[in-house]
Amino acid sequence: MLVVLWSIPLLLTAQVFDIDFTKSQPIYNEYDGYGYDVLPVYKVKRPATAPFFFSVRVPDGNYRVRVELGGVKDGNTTVRAEGRRLMAHNVLTPGKKDVKTVEFIVNKRSTFIDENKRVKIKDREKNYLAWDDRLTIEFNGLRPAVRSMHIEPAPEVPTVYLCGNSTVVDQNYEPWASWGQMITRWMGPQVAVSSHAESGLTARTFIASFRLDKILSTLRKGDYVFVEFGHNDEKEKQPGDGAWYHYQYQLKIFVDKVRAKGAEVVFCTPTQRRAFDKDKTTLLNTHGDFPAAMKMVAEKENVPLIDLNAMTKTLFETLGYEDSKRALVHYPKEAYGKELADNTHFNPYGAYEVAKCVVMGIRQLNLPLAQYLRED
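Residues numbered from 1 in each chain as written. Predicted model: local features only at pLDDT ≥ 70, side-chain atom pairs only at ≥ 80, totals over all residues. Heavy atoms only, no water.

**Student:** Can you help me understand the overall build of the protein in this one?
**Tutor:** Secondary structure assignment for the protein yields 8 helices and 19 strands. Computed over C-alpha atoms, the radius of gyration of the protein comes to 21 Å, within 12% of the 21 Å expected from 2.2 N^0.38 for 376 residues, which places it in the range of a compact globule. In terms of principal-axis extent, the alpha carbons of the protein reach across some 60 × 50 × 40 Å. Buried positions account for 56% of the 376 residues belonging to the protein. (Helix = DSSP H or I, 4+ residues; strand = E, 2+ residues; numbered from the N terminus. Rg over C-alpha atoms; globule rule 2.2 N^0.38 Å. Buried < 20%, exposed > 50% of the residue type's maximum accessible area, 1.4 Å probe, protein only.)

**Student:** Sorry, what's going on with the packing of aromatic side chains here?
**Tutor:** Aromatic ring pairs are described here by two measures, namely the spacing of the ring centres and the angle between the planes. In the structure shown here, the tally under the stated rule is 15 aromatic pairs. Look at Phe 206 and Phe 254: their rings are 5.8 Å apart centre to centre, the planes differ by 45°, and that puts the pair in the tilted class. Placement of Phe 206 in helix H2 (residues 203-208) and of Phe 254 in helix H4 (residues 243-260) is noted, with a sequence separation of 48 residues between them. Judged by its relative accessible area of 0%, Phe 206 falls in the buried class. The exposure class assigned to Phe 254 is buried, which follows from its relative accessible area of 0%. Through successive ring pairs, a cluster of aromatic residues spans Phe 21, Tyr 36, Phe 52, Phe 54 and Phe 139. Looking at Arg 109, its charged tip hangs above the ring of Trp 131, at a distance of 3.7 Å from the centre. Positioned over the ring face of Phe 210 is Lys 117, at 4.9 Å from the centre of the ring. (Phe/Tyr/Trp six-rings, centres within 6.5 Å; stacked < 30°, edge-to-face > 60°. Lys NZ or Arg CZ within 6 Å of the ring centre and 35° of its normal.)

**Student:** Would you take a moment to explain the packing of H4 against helix H5 (residues 290-301) for this structure?
**Tutor:** When two helices pack together, you describe them by how their axes are tilted relative to each other and by the distance separating the axes. It is at 10 Å that the axes of H4 and H5 come closest, and there the two elements cross at 40°. The angle between the axes of H4 and H5 places the two elements in the oblique class. In the crossing of H4 with H5, the sense of the turn from one axis to the other is right-handed. Contacts from Ala 243, Trp 244, Tyr 247, Gln 248, Leu 251, Lys 252, Val 255 and Arg 259 of H4 reach H5 at Phe 290, Ala 292, Ala 293, Met 294, Met 296, Val 297 and Glu 301. (Axes fitted to C-alpha atoms, helices over the stretch in contact; angles between N-to-C directions. Parallel < 35°, antiparallel > 145°, perpendicular 65-115°, else oblique. Left-handed = near helix turned anticlockwise from the far one by under 90°. Contact = heavy atoms within 4.5 Å.)

**Student:** Would you explain the nonpolar core in this entry?
**Tutor:** If you look at soluble globular proteins, the nonpolar side chains tend to sit buried side by side. Counting residues in each nonpolar core, the largest one holds 39 residues, and the members touching the most others are Trp 179, Ile 183, Phe 226, Ile 306, Leu 308, Ile 362 and Leu 369. Secondary structure elements with two or more residues in this core: strand S13 (159-163), helix H1 (179-182), strand S15 (224-227), strand S16 (264-268), helix H6 (308-323) and helix H8 (348-364). When residues in this core are grouped by element, the largest group, 8 residues, is from H8. Among residues more than four places away in sequence, those in contact with Trp 179 are Leu 162, Thr 167, Val 168, Glu 228, Cys 268, Leu 308, Ala 351, Val 354, Ala 355 and Val 358. In this structure, Ile 207, Val 258, Val 265 and Met 294 belong to the second largest nonpolar core, which totals 29 residues. (Core = buried A, V, L, I, M, F, W, Y, C linked by side-chain atoms within 4.5 Å.)

**Student:** Is there a simple way to think about the side chain of Thr 159 in this case?
**Tutor:** Secondary-structure assignment places Thr 159 in strand S13. In terms of polar contacts, Thr 159 uses its side chain to reach the side chain of Asn 62, at 2.8 Å. Beyond its immediate chain neighbours, meaning those up to four positions away, Thr 159 contacts Asn 62, Asn 107, Ala 192, Ser 194, Asp 223 and Tyr 224. (Polar contact = N/O pair within 3.5 Å; in protein donor to acceptor, adjacent residues only side chain to side chain.)

**Student:** So what exactly am I meant to see when it comes to the sheet that holds S15 here?
**Tutor:** Within a beta sheet, neighbouring strands are joined by backbone hydrogen bonds and run either parallel or antiparallel to one another. Across the sheet, 5 strands lie side by side as S14-S13-S15-S16-S17; this open sheet has parallel pairing. Edge positions in the sheet fall to strand S14 (192-195) and strand S17 (305-306), since each has one partner strand and no second. Each of S13, S15 and S16 is contacted by H4, which is oriented at about 155° to S16, the strand it contacts most. (Pairing = 2+ DSSP bridges.)

**Student:** How should I be thinking about the pattern of salt bridges in this particular structure?
**Tutor:** What the rule picks out here adds up to 26 salt bridges. Of the charged contacts in the structure, one is a salt bridge between Lys 325 and Glu 322, with a shortest N-O distance of 3.2 Å. On the basis of relative accessible area, Lys 325 is assigned to the partly exposed category, the value being 25%. Looking at Glu 322, the relative accessible area reads 49%, which means it is partly exposed. Connected through shared salt-bridge partners, Glu 30, Asp 37, Arg 57, Asp 133 and Arg 134 make up one network. (Salt bridge = Lys/Arg side-chain N within 4 Å of Asp/Glu carboxyl O.)

See the structure below:
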């Protein structure tokens, strides 16, 4: 059974969906505004344990999603939303009578800011699930078992907005992943995460592409804005660029504009690159003065700061020279058709571990946000 509350099918209005996956559902189409999406799509009743994407057309905002999992033997389901944001991982329903309900909040957003302004997204982002007019849920895992899904608007929940680069962005393709995609796993159903990060951005280009304006258009008291930049800011070579002028100047813009909306800004120093010295035991500093420059702004402006630079240094050095490759995009040629040796970007395991560092930082700072973190 599917119940959709709306006025005109093609009009984006707040909607409530109740979807019964034990019955046939349509392929997504613009008239119905819901259905199986991406690939694979199912023209008839979906196989009980097949992975799938399902989309509903909704306006920008936060949505409470409740999924009922189980009904097959040895069910093992992972749930992601929008751009591969992890919502539930390896939910086990071992028997046919075993049913578990998982609830979470998904933020859906488009490029629209107002009648005259849109976010300036890159060409590659035009194909991303995160910038379209749909809310998309992915059901995957070793043996996904999905019985039903309920979606309803959740305008009352606070939102955690993420600003940053490729270490934060919703990475669209395996085996790349970011801590911004994994932090959703640790957020309870009382808070939403909205990542506006994109690969290659600096603090300045994030602002120039109207991403901060997009956040400000919906930002309110009780929300949070997490800011992590540095990897690409180091490469800027215009007059006045560098850690102590333009970088700090841009960070101050985030502080002032976020606080003007009554929200809380949190800084995260840039994550480390896997760059060991000759003894292969100690990481080299590849970020120059940028972590220190962010700390100076944080101290002067009384901004809570999570030192991801120090935390990921400890993480990589503890794993060691060889085992630290397991946290990054290091794979032999036979795995992905070519050898991958990326010492900056995380794979899902590494992203998950860095997200845990962010969670630890939230708790250490004793932010009110900590009350919404999951314990399991």
